[in-house]
Amino acid sequence: MENRVMTDSMRRKRLMAASALLGGVLVLSACSSGDGSKASASDGESSQAQADAAAAKKSSQAQIKITPADGSDNASINNAAAVTVSKGTLTAVTMTTETGTAVPGQISADKKSWKPTSQLERATTYKVAAEATDSAGLVAHENASFTTVSAANSFIGNFTPEDGSTVGVGMPVSINFNKAITNKAAVQKGITVSSSSGQEVVGHWFNANRLDFRPENYWTGGSTVTLKLNLDGVQGASGVYGVQQKTVTFKIGRNQVSIVDAQTKTMKVTQDGKTIKTIPISSGSPEHKTYQGQMVISEKFKETRMNGSTVGFTKTDGKGEYDIKDVPHAMRLSNSGTFIHGNYWGAKSIFGAVNTSHGCVGLSDTKGANDSNTPAAWFYDHSLIGDVVVVKNTGDKTIAPDNGLNGWNLSWSAWKAGSAA
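Scope of this entry: the structure provided in the associated data block. Predicted, not measured: the structure shown is a model, and the values here were computed from it.

Basis of the calculations
- Residues numbered from 1 in each chain as written.
- Predicted model: local features only at pLDDT ≥ 70, side-chain atom pairs only at ≥ 80, totals over all residues.
- Heavy atoms only, no water.
- Helix = DSSP H or I, 4+ residues; strand = E, 2+ residues; numbered from the N terminus.
- Buried < 20%, exposed > 50% of the residue type's maximum accessible area, 1.4 Å probe, protein only.
- Contact = heavy atoms within 4.5 Å.
- Areas by Shrake-Rupley, 256 points an atom, 1.4 Å probe, with all protein chains shown as cover.
- Pairing = 2+ DSSP bridges.
- Axes fitted to C-alpha atoms, helices over the stretch in contact; angles between N-to-C directions.
- Core = buried A, V, L, I, M, F, W, Y, C linked by side-chain atoms within 4.5 Å.
- Polar contact = N/O pair within 3.5 Å; in protein donor to acceptor, adjacent residues only side chain to side chain.
- Salt bridge = Lys/Arg side-chain N within 4 Å of Asp/Glu carboxyl O.
- 1 Å grid on protein atoms, 1.4 Å probe; cavity = no way out; pocket = protein on both sides within 12 Å on 5 of 7 lines; lining within 4 Å.
- Points joined across faces, edges and corners; volume = space filled by probe spheres on them.
- Phe/Tyr/Trp six-rings, centres within 6.5 Å; stacked < 30°, edge-to-face > 60°.

Points about the overall build of the chain
What the chain contains, in helices and strands, is 5 helices and 27 strands. A burial count over the chain gives 40% of its 421 residues as buried. Long-range pairs, those at least 24 residues apart, make up 64% of the contacts in the chain between residues at least 6 apart in sequence. Carbon and sulfur atoms provide 51% of the accessible area of the chain, an area that totals close to 21800 Å².

So, the sheet that holds strand E22 (residues 293–296)
On the basis of which strands lie adjacent, the open sheet formed by 5 strands has the order E21-E20-E19-E27-E22 and mixed pairing. In this open sheet, the two edge strands, each paired with only one partner strand, are strand E21 (274–280) and E22. The average angle at which neighbouring strand axes cross in this sheet is 20 degrees, direction not considered.

Some details on the sheet that holds strand E7 (residues 139–147)
The strand order across the open sheet built from 3 strands is E3-E6-E7, with neighbouring strands paired in antiparallel fashion. With partners counted over all chains shown, the strands left at the sheet margins are strand E3 (89–97) and E7, one partner each. Neighbour-to-neighbour, the strand axes of the sheet open up by a mean angle of 15 degrees, direction not taken into account. Summarising the sheet, E3 and strand E6 (residues 125–133) pair through 8 bridges and their orientation is antiparallel. Bridge pairing links Thr 89 to Thr 133 in E6.

With respect to the nonpolar core
With 29 residues, the main nonpolar core has Ile 175, Phe 177, Val 187, Ile 191, Val 193, Phe 213 and Leu 227 as its most contacted residues. Elements with a minimum of two residues in this core: strand E11 (173–177), strand E12 (191–195), strand E13 (201–205), strand E14 (210–215), strand E15 (224–230) and strand E18 (245–252). Sequence-distant contacts of Phe 213, defined by excluding residues within four places in its chain, comprise Pro 172, Val 173, Ile 175, Gln 188, Ile 191, Val 193, Val 201, Val 202, Gly 203, Trp 219 and Trp 415. With 23 residues, the next largest nonpolar core counts Ile 66, Leu 120, Ala 132 and Val 243 among its residues.

Considering the side chain of Asp 326
The residue Asp 326 is located in strand E24 (residues 323–332) in this model. Classification of Asp 326 by relative accessible area gives buried; the value is 16%. In terms of polar contacts, Asp 326 uses its side chain to reach the side chain of Lys 367, at 2.6 Å. Aside from chain neighbours lying at most four places away, what touches Asp 326 is Glu 303, Thr 304, Tyr 344 and Lys 367.

Some details on the environment of Lys 87
Looking at the secondary structure, you find Lys 87 in the loop between strand E2 (82–86) and E3. Once residues lying within four places of it in the same chain are set aside, the contact partners of Lys 87 are Gln 61, Ala 62, Gln 63, Lys 112 and Asp 134.

Some points on the side chain of Asn 406
Secondary-structure assignment places Asn 406 in the loop between strand E27 (388–392) and helix H5 (412–417). A residue is classified by how much of its surface remains accessible, and Asn 406, at 0% relative accessible area, is buried. Once residues lying within four places of it in the same chain are set aside, the contact partners of Asn 406 are Gln 294, Met 295, Val 296, Leu 333, Ser 334, Ile 399, Ala 400 and Pro 401.

Concerning the pairing of E21
In this sheet, E21 lies alongside strand E20 (residues 266–271) in antiparallel orientation, the contact comprising 6 bridges. Looking at E21, one finds that Thr 266 is bridged to Pro 280. Counted between consecutive antiparallel strands, the loop separating E20 from E21 contains 2 residues, among which Asp 272 sits at a positive phi close to 55 degrees.

What about the pattern of salt bridges?
A complete count under the given rule lists 6 salt bridges for this structure. The shortest N-O distance in the salt bridge between Arg 254 and Asp 387 comes to 2.8 Å. Note that Arg 254 is positioned in the loop between E18 and strand E19 (256–261) and Asp 387 in the loop between helix H4 (375–381) and E27, a separation of 133 residues in sequence. Take Arg 254: its relative accessible area is 25%, and that puts it in the partly exposed class. Since its relative accessible area comes to 2%, Asp 387 is described here as buried.

Considering the pairing of strand E25 (residues 339–343)
Burial of E25 is extensive: 5 of the 5 residues sit out of reach of the surface. Where E24 lies against E25, 2 bridges are found, and the strand directions are antiparallel. What sits directly across from Arg 332, in E25, is Phe 339. Hairpin geometry of E24 and E25 is characterised by an intervening segment of 6 residues between the two adjacent antiparallel strands and by a positive phi of about 115 degrees at Gly 337. Note: E25 against strand E26 (residues 361–364), 4 bridges, orientation parallel. When the bridges of E26 are listed, His 341 appears paired with Gly 362.

A closer look at the layout of surface pockets
Estimated volume of the largest pocket: approximately 240 Å³. Lining the largest pocket we find 14 residues, and of these His 341, Asn 343, Trp 345, Ser 357 and His 358 sit closest to its centre.

So, the packing of aromatic side chains
Per the counting criterion, the structure on display carries 6 aromatic pairs. A ring pair is formed by Phe 155 and Phe 177, whose centres lie 5.8 Å apart and whose planes are at 75 degrees; its orientation type is edge-to-face. With Phe 155 in strand E8 (residues 154–155) and Phe 177 in strand E11, this pair connects stretches of sequence that are 22 residues apart. A centroid spacing of 4.9 Å and a plane angle of 80 degrees characterise the contact between Tyr 218 and Trp 408, whose relative ring orientation is edge-to-face. Here Trp 408 lies in the loop between E27 and H5 and Tyr 218 lies in the loop between E14 and E15, a separation of 190 residues in the sequence. Look at Tyr 218 and you get partly exposed, because its relative accessible area is 21%. Through successive ring pairs, a cluster of aromatic residues spans Phe 155, Phe 177 and Trp 205.

Shape descriptors only; they carry no functional weight alone.
The following block contains the structure:
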């Protein structure tokens, strides 16, 4: 019995020892990583080394500036976009729209700046990415995006005459803005009109949308007039900014002024004060008198349609009192429908004898506008947009100065009183 007990005791001790040994192995397996613990230490040392190396490495000294600033809106479409660098040189600049369309641009010769080479579009978001290097060859990068001014937040001025044109001595510079201008002084300050003749030129506001410029007397024949629009970024009204930056030049032709006399029913065409031709005319009838005053030819049409209903001359059925689809050699004198034009439908005997029109000035002509020997064809061929036609002795009122390009009917003092400068 004793031997068996001893044997059991010894077995229990051996089992406990084996269990302890096995437990130790299990503990070591669970808590010791072996090769894994060595890898973690290595990773830590490697990360630290990289951080130390990055900290020790010098960053580029090149400082890139992109304008407009990142996130800007209402940016100019003309001069706002630019990239500059100090303490380095530009190596690459890209500019794209949100849809990825590239915008052409050019780095300056000294590689210190970049600008787009074309005008930007309104209401468009652009992205700019720039790269530069310093003297040590270290690279710097900069990125930005901005949005240009929208059509709703900008204004433009539609102007006449056109760049490079030759016009008559009465042609004003007339600018019609597509939005009402409340800050007239600032807008007028952004516009200059000058003449090679040295004539003083003053602006006159007819309303919130129209600004005309003229000298005291007609332009000097043969002179050159320059219009400069520096309206980029100019606030014309609350939240509305200009976008134009443009220079326009036009020539003044010979001095031609034609005098229509409704009593004598003639028109004398003068150049430099001398009569070069007298033409029989027929002006407005007693029921439809022609406006009086100084009028400027604003448009020329070899043939055009004239429908009385468009200017208030209608029959009881609502149709025009006249509707002529091929009026020859027509030149506009007012916005309200006053023309000086050829007339082929009237008897030749009326010209120089009877006033029969609905308010226009008629000259003898033929249908088709192809006969260069008619009085109307001669006058058309010898006239420029901007020539002056003075109408007198009609018995009607003087034409309103804003009805067409007819500001010459204001005195110089009244004209200057309409300036905001």
